[in-house]
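The chain contents come next:
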Amino acid sequence: MTATGDEVHVDVEGRTVKLSNLQKVLYPATATTKGEVLDYYARIAPVLLPHLAGRPVTRIRWPHGVQTMSFFEKNVPAGTPSWVRTAEVPTTGSRGPSRHGDTLVFPIVEDLATLMWMVNLAALELHVHQWTVDASGEPLGADRLVVDLDPGEPAGLHECCQVALHARDALASRGLDARPVTSGSKGLHLYADLSSYLPSDEVTGVAKEVAEELAAAHPTLITATMTKARRRGKVFLDWSQNAGSKTTISPYSLRGRDRPTVATPLTWEEVEAGAEDELGIEQFAMSDVLQRVEEYGDLFAADALD
């Protein structure tokens, strides 16, 4: 490791990564610095990286901290190191070439050096598609289905847990085993692996069918309608996250909120507790998540269901 001014050059698995402004506060409410954010991502990398592998990553960056403006970034920025793996894909993702031939050049984050380079750019949130690319960067199609449970006030995480149990059963009836993850924001996400690669439109259709079925069965608790005015006091079961162009926050990613909360994999026992008790569950901070991984391992791993 070498230091010059406010920069540090670190050897990360044989790559030299420049880290800067480590004392800059990115979360003023908790005085969390960029150095602490980098430390979190370095320590969570063993369980995070497998879930980023092969997935183009869209970043949300807060260069001056979460109290200021942020911006989405899909293409790799100027100055990207030559060793960062990239994939050039159509703007419509896994649905095939766009009418105008437009493409995006995404980073593929599969190693610690790439992760550290990206987070050093104040990329706090890492969002991914439900489809992957092959070794040549060609889209393969969706390999999982996701349902986003988004509560409309005054509904909250308690109601999301109740809906998650209904959604788990509806997915199970279709042969899909769901895994719950807090969004790190207000709600929950449910993921179910697919047995083969499928077109995003087909997966979206299944998710929409589940959402509409549950909304019809539980109309006072669930809505499948995107109109925000109809969400008050209900949980919006967002099926649209499966579209080829859409992304969802990755499990183990930080969120750019007041506190450094994390999209955190859960056990179904925790969801059941949250469904019974309004105080039974809450969004987790990065320190909580590191402790949980040490205690439970990767609850998002496919074999965690066994």
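Residues numbered from 1 in each chain as written. Predicted model: local features only at pLDDT ≥ 70, side-chain atom pairs only at ≥ 80, totals over all residues. Heavy atoms only, no water.

**Side note on the packing of aromatic side chains**
Thought 1: One pass over the structure, following the stated rule, counts two aromatic pairs.
Thought 2: Judged by centre distance (5.0 Å) and plane angle (85 degrees), the rings of tyrosine 191 and phenylalanine 300 are edge-to-face. Taken together, the residues tyrosine 191 in strand E14 (residues 188-198) and phenylalanine 300 in the segment after helix H6 (286-296) connect sequence positions 109 residues apart. Residues tyrosine 191 and phenylalanine 300 agree in their burial class; the two are buried.
Thought 3: A cation over an aromatic ring shows up here: arginine 168 above the ring of tryptophan 268, its NZ or CZ 4.7 Å from the ring centre.
Thought 4: One residue, arginine 179, lies across the ring of phenylalanine 300, its end atom 4.4 Å from the ring centre. (Phe/Tyr/Trp six-rings, centres within 6.5 Å; stacked < 30°, edge-to-face > 60°. Helix = DSSP H or I, 4+ residues; strand = E, 2+ residues; numbered from the N terminus. Buried < 20%, exposed > 50% of the residue type's maximum accessible area, 1.4 Å probe, protein only. Lys NZ or Arg CZ within 6 Å of the ring centre and 35° of its normal.)

**Re the nonpolar core**
Generally speaking, a soluble globular protein has its nonpolar side chains buried in company with each other.
Thought 1: By size, the foremost hydrophobic cluster in this structure holds 84 residues, and its most contacted members are Tyr40, Tyr41, Ile44, Leu115, Leu126, Leu149 and Tyr252.
Thought 2: Considering every element that reaches this core, the biggest residue donor is helix H1 (residues 34-52), with ten residues.
Thought 3: Excluding residues within four positions of it along the chain, leucine 126 makes contact with Tyr41, Leu48, Leu52, Val57, Thr58, Arg59, Leu115, Met118, Thr248, Ile249, Ser250 and Ser253. (Core = buried A, V, L, I, M, F, W, Y, C linked by side-chain atoms within 4.5 Å. Contact = heavy atoms within 4.5 Å.)

**A word on H6**
Thought 1: All buried positions along H6 are accounted for by Met286, Val289, Leu290, Arg292 and Val293. When H6 is viewed along its axis, its buried side chains cluster within an angular range of 160 degrees and face the same direction. Exposed residues pointing more than 90 degrees away from the buried face of H6 are listed as Gln291, Glu294 and Glu295.
Thought 2: Contacts from the buried residues of H6 go to strand E5 (32-33), H1, strand E18 (261-262), helix H5 (268-276) and strand E19 (284-285).
Thought 3: Glycine 297, located one to two residues past H6, shows a positive phi value of around 80 degrees. (Arc of directions from axis to C-beta.)

**Section: the side chain of glutamine 241**
Thought 1: In this fold, glutamine 241 is placed in the loop between strand E16 (235-238) and strand E17 (248-249).
Thought 2: A relative accessible area of 11% means that glutamine 241 is categorised as buried.
Thought 3: A polar contact of 3.2 Å, which involves the side chain of glutamine 241, links it to the side chain of aspartate 238. (Polar contact = N/O pair within 3.5 Å; in protein donor to acceptor, adjacent residues only side chain to side chain.)

**Description of the sheet that holds E17**
Thought 1: Reading across from one edge, E7-E6-E10-E17 is the order of the four strands in this open sheet, with antiparallel pairing throughout. Among the strands making up the open sheet, the edge pair consists of strand E7 (71-73) and E17.
Thought 2: Relative to E17, strand E10 (residues 123-128) is paired through two bridges, and the arrangement is antiparallel. Across the sheet, histidine 127 pairs through a bridge with isoleucine 249, a residue of E17.
Thought 3: Each of strand E6 (57-61) and E10 is contacted by H1, which is oriented at about 10 degrees to E10, the strand it contacts most. (Pairing = 2+ DSSP bridges. Axes fitted to C-alpha atoms, helices over the stretch in contact; angles between N-to-C directions.)

**Observations regarding the environment of tryptophan 62**
Thought 1: In this fold, tryptophan 62 is placed in the loop between E6 and E7.
Thought 2: The spatial distance from the C-alpha of tryptophan 62 to the C-alpha of threonine 204 is 31 Å, given a sequence separation of 142 residues.

**Re the side chain of serine 250**
Thought 1: Tracing the backbone shows serine 250 in the loop between E17 and E18.
Thought 2: Look past the residues within four positions of serine 250 in its chain and what remains in contact with it is Leu48, Leu52, Leu126, His127, Val128 and Ala263.

**Some thoughts on the confidence of the model for the protein chain**
Thought 1: Chain-level statistics for the protein chain give a pLDDT mean of 93 and a share of 94% at 70 or above.
Thought 2: Low pLDDT (under 50) marks residues 95-100, which in the prediction has ten contacts with non-local residues, meaning those over four places away or in another chain. (pLDDT = per-residue confidence, 0-100.)

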